[in-house]
Amino acid sequence: MIKAILFDFDGTLADTNPLIIRTFTETFAAILPHLKVTQDEILTCIGPTLEQTGEKYLPENPDQFVSYYRMLNVKYHDDMIDIYPGIQEMLAVLQEKGLTLVIVSSKKRDFVIRGLKKLALFHFFDAIVAGDDVTNPKPHSEPIDQVLAHYGLLPTECLMVGDNSHDIECARAAGVKSIAVGWAVKGVDYLKQFNPDYLINDAMEIVEIIEKND
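Given the structure is predicted, the values throughout are model-derived calculations rather than measurements. (Residues numbered from 1 in each chain as written. Predicted model: local features only at pLDDT ≥ 70, side-chain atom pairs only at ≥ 80, totals over all residues. Heavy atoms only, no water.)

**Q** Please give an account of helix 10 (residues 205-213) that cites residues and values.
**A** Considered for burial, the residues of helix 10 that qualify are Ile-206, Val-207, Ile-209 and Ile-210. The buried residues of helix 10 occupy one face: seen down the axis, they fall within an arc of 160°. Buried residues along helix 10 sit in contact with strand 1 (4-7), helix 5 (87-96), strand 6 (158-162), strand 7 (177-181) and strand 8 (198-200). (Buried < 20%, exposed > 50% of the residue type's maximum accessible area, 1.4 Å probe, protein only. Helix = DSSP H or I, 4+ residues; strand = E, 2+ residues; numbered from the N terminus. Arc of directions from axis to C-beta. Contact = heavy atoms within 4.5 Å.)

**Q** Outline the pairing of strand 4 (residues 100-104), supporting the account with residue identities and numerical values.
**A** The element strand 4 is largely enclosed, with a buried count of 5 among its 5 residues. Sheet analysis places strand 1 next to strand 4, joined by 4 bridges and oriented parallel. Bridge pairing links Ala-4 to Thr-100 in strand 4. Summarising the sheet, strand 4 and strand 5 (residues 127-129) pair through 3 bridges and their orientation is parallel. Across the sheet, the residue bridging to Val-102 is Ala-127, located in strand 5. Since strand 4 and strand 5 lie parallel, the crossover through helix 6 (residues 109-118) that links them has a hand, and here it is right-handed. (Pairing = 2+ DSSP bridges. Right-handed = clockwise from strand over helix to strand, strands pointing away.)

Given below as structure tokens:
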């Protein structure tokens, strides 16, 4: 029986992809103007933590990269964040069913909370495990392990919903089944490479999956 649903935030519940792509594009242009970073390469920056991306591209001063990105992200955030269709309705049904709902994200807690509140989703969630709450972020199992330990749950009692390889691999490492969302910016074919347990194209399919597992 499924008792808890764990959700990634960016690209899963919230359409933050235009915001993230713009922020990365302008950060690279300002901090590393000699690099000609393509759109495809920017998409590879979605999933790892911002700190990991800073260390990859500016190892001599990753904090400069991170700080500039966050400055721009705050500047554009509220005007460029949106919610995917059916998300509020799906969360309302899950909440009515008494399921524990948790955000498991690689971004900082304060940014997750800001996004949830902007989209009027904050009240649906019982807990948040953010990038600054763990030593080893996704795809390591630690974020999910924290949830399991806190609520005394078995891996078989949870599902992890996400839009990226990091979400699928984190779930697998923790022994939890994964649901990949077909609206992911990297596309369905990309997600299929990582063999998620479920692949959905409509948010309400999550409710159907849970009912089949009752």
